[in-house]
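Architecture at a glance
Below, each chain spelled out in residue letters.
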Amino acid sequence: MYDVDAVREDFPVLKEVVYLDSTATTQTPVPAVEAMVEYFYRYAGNHGRGAHRLARETTNRYEDARETVAHFLNADPSKTVFTKNTTEGINLIANSYPWEAGDHIVTTMLEHHSNLLPWLRLQKKGIDVTVIKPDREGIIDPRMIENALTDRTKLIAVTHISNVFGSVQDVSRITKLARKNGVKILIDGAQSAGHVPLNIKTLGCDFFATAGHKGLLGPQGTGVLYIKDPEVMESASVGGGTVSDVTGHEYTLEPSPTCFEAGTPNIPGVIGLGKAVEYVKKIGISEIEKHEAELSRQAAKRLSELDHVEVYGPENRAGIVPFNVTGLHAHDVALILDQTRKICVRSGHHCAIPVTRFLEVESTVRASFALYNTEEEVDILVKAVDALKALVS
């Protein structure tokens, strides 16, 4: 196991608060921040836009980051596209795939709005959408997905880890059934990349979207989209940097990934993301997975033992623990925890209104863990929540 105390030194804000909101955004380590500062101070230029030394170094560092991220996911760099977040990556697929009226998409009620709204909007173009319900612990039965497939199904879109429940879906099995039925599959990896081991080539998915600012520890405004067969799509966004030739009447696009990255990208962000992924890789993704799972197991168990607390989700979960305190609104709980113990947790519907309604609650409090959290912080959280019983008794 890695030295958590040593890791925490690379995240200065942890000296100020108990940060348990990493599902929304993780903190970024000092080496990644320093890499971004170095870009601005030493070689800031535009990517792929010039022959001078600053432009060349910028381009090289940007493409080095692509290699780093792609290799971390065991993906082909030429099929690894940088986006600004998971949302943009999923929308790129929704807006760029050659859909036809009558096509069918299967997704689930577990999805973050980012992996639900783009598909629902396609209904305006004559696309049919089926939404599969989870069980009460936030698990999707792959057989329900298979039963929903028709001869017009073109895509299955499913989250790997629920941002509400922390439940881990059997994406390997779902991908296999997609292959068996000749259906493409998109996996929302916003809560899995950087938290659990991933091998895109072994998994065999057609699309994989994730954010840089979550488990990968990168800055906001960065994301990654893997496209297995980029030649079947033309990006809905074209312009500067995407073309190899233009006449007055037509244009020829560059191959992937260039054709999907129109305009000036978030250069310092991508460079910082590359350094952050190196940081995650050095610690070891398997060790991170074990650490986060143990913290969430302890938190869920201890919170569930409090009479005034209800915990949601499965026993075997990722580093996400949603709960409610009887008699208190989730927002009030979050505010009290912050004001009394400097504990940062999330409250609300977590950009997943359908699954919150499925739970028959208005909102939940969500404590989420990352590689830098400790058992002591679990103890602080549980004691602070326990103290809330004085407000509801």
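Structure: above.
Residues numbered from 1 in each chain as written. Predicted model: local features only at pLDDT ≥ 70, side-chain atom pairs only at ≥ 80, totals over all residues. Heavy atoms only, no water.

It is worth spelling out the side chain of Ser167 at this point. Here Ser167 shows up in the loop between β5 (153–159) and α7 (171–180). Relative accessible area serves as the criterion here: at 0%, Ser167 is assigned to the buried category. Here Gln169 takes part through its side chain, which lies 3.1 Å from a polar atom of the side chain of Ser167. When neighbours within four sequence positions are excluded, Ser167 is seen to be in contact with Leu110, Glu137, Gly138, Ile139, His160, Ile161, Ser162 and Pro314. (Helix = DSSP H or I, 4+ residues; strand = E, 2+ residues; numbered from the N terminus. Buried < 20%, exposed > 50% of the residue type's maximum accessible area, 1.4 Å probe, protein only. Polar contact = N/O pair within 3.5 Å; in protein donor to acceptor, adjacent residues only side chain to side chain. Contact = heavy atoms within 4.5 Å.)

Taken in spatial order, the seven strands of this open sheet run β2-β8-β7-β6-β5-β3-β4, and their pairing is mixed. Since the sheet does not close on itself, it has two edges, and those belong to β2 (80–83) and β4 (128–132), each with one partner. Within the sheet, the average angular offset between the axes of one strand and its neighbour, ignoring direction, is 15°. The strands touched by helix α3 (residues 53–73) are β2 and β8 (223–227); relative to β2, the strand with the most contacts, the crossing angle is about 115°. (Pairing = 2+ DSSP bridges. Axes fitted to C-alpha atoms, helices over the stretch in contact; angles between N-to-C directions.)

A separate point is the packing of aromatic side chains. Counted by the stated rule, this structure contains seven aromatic pairs. Their ring planes at 55° and their centres at 4.7 Å tell us that Tyr97 and Trp99 sit as a pair that is tilted. Each member of the pair Tyr97 and Trp99 is classed as buried. Ring plane angle 75° and centroid distance 6.3 Å describe the contact between Trp99 and Trp119, whose orientation is recorded as edge-to-face. Residue Trp99 is found in the loop between α4 (86–96) and β3 (104–108), and its partner Trp119 is found in helix α5 (residues 117–121); the two are separated by 20 residues along the sequence. In terms of burial, Trp99 and Trp119 fall into one category: buried. Every member of this aromatic cluster is reached through a ring pair, and the members are Phe11, Tyr279 and Tyr372. Positioned above the aromatic ring of Phe358, the side-chain terminus of Arg136 is 5.3 Å from the ring centre. (Phe/Tyr/Trp six-rings, centres within 6.5 Å; stacked < 30°, edge-to-face > 60°. Lys NZ or Arg CZ within 6 Å of the ring centre and 35° of its normal.)

Our focus in this paragraph is the side chain of Lys214. Along the chain, the position of Lys214 falls in the loop between β7 (207–211) and β8. Of the side chains bearing the opposite charge, Asp21 lies closest to the buried Lys214, which forms no salt bridge; the N-O distance is 8.0 Å. The contacts of Lys214, once residues within four sequence positions are left out, are Thr23, Ala24, Thr26, Ala190 and Gln191. (Lys, Arg positive; Asp, Glu negative; His and termini not counted. Salt bridge = Lys/Arg side-chain N within 4 Å of Asp/Glu carboxyl O.)

Attention now moves to the sheet that holds strand β12 (residues 320–325). Strands sit in the order β11-β12-β15-β14 across an open sheet of four strands; the sheet is antiparallel. Every other strand in the sheet has two partners, leaving β11 (309–311) and β14 (346–348) as the edge strands with one partner each. Each strand axis lies, on average, 30° off the axis of its neighbour in the sheet, ignoring direction. Sheet analysis places β12 next to strand β15 (residues 364–368), joined by four bridges and oriented antiparallel. By the bridge assignment, Pro322 is partnered in β15 with Arg366.

Moving on: the pattern of salt bridges. Inspection of every chain in the model, using the stated rule, returns 24 salt bridges. Lys154 is paired through a salt bridge with Asp103; the nearest N and O atoms lie 3.0 Å apart. In this pair, Lys154 is assigned in strand β5 and Asp103 in the loop between α4 and β3, connecting sequence segments 51 residues apart. Relative accessible area serves as the criterion here: at 27%, Lys154 is assigned to the partly exposed category.

The next thing to look at is the environment of Ala299. By secondary structure assignment, the location of Ala299 is in helix α10 (residues 285–304). In sequence terms Ala299 and Arg121 are 178 residues apart; their C-alpha atoms lie 38 Å from each other. The residues contacting Ala299, other than those within four sequence positions of it, are Val321, Phe369 and Val378.

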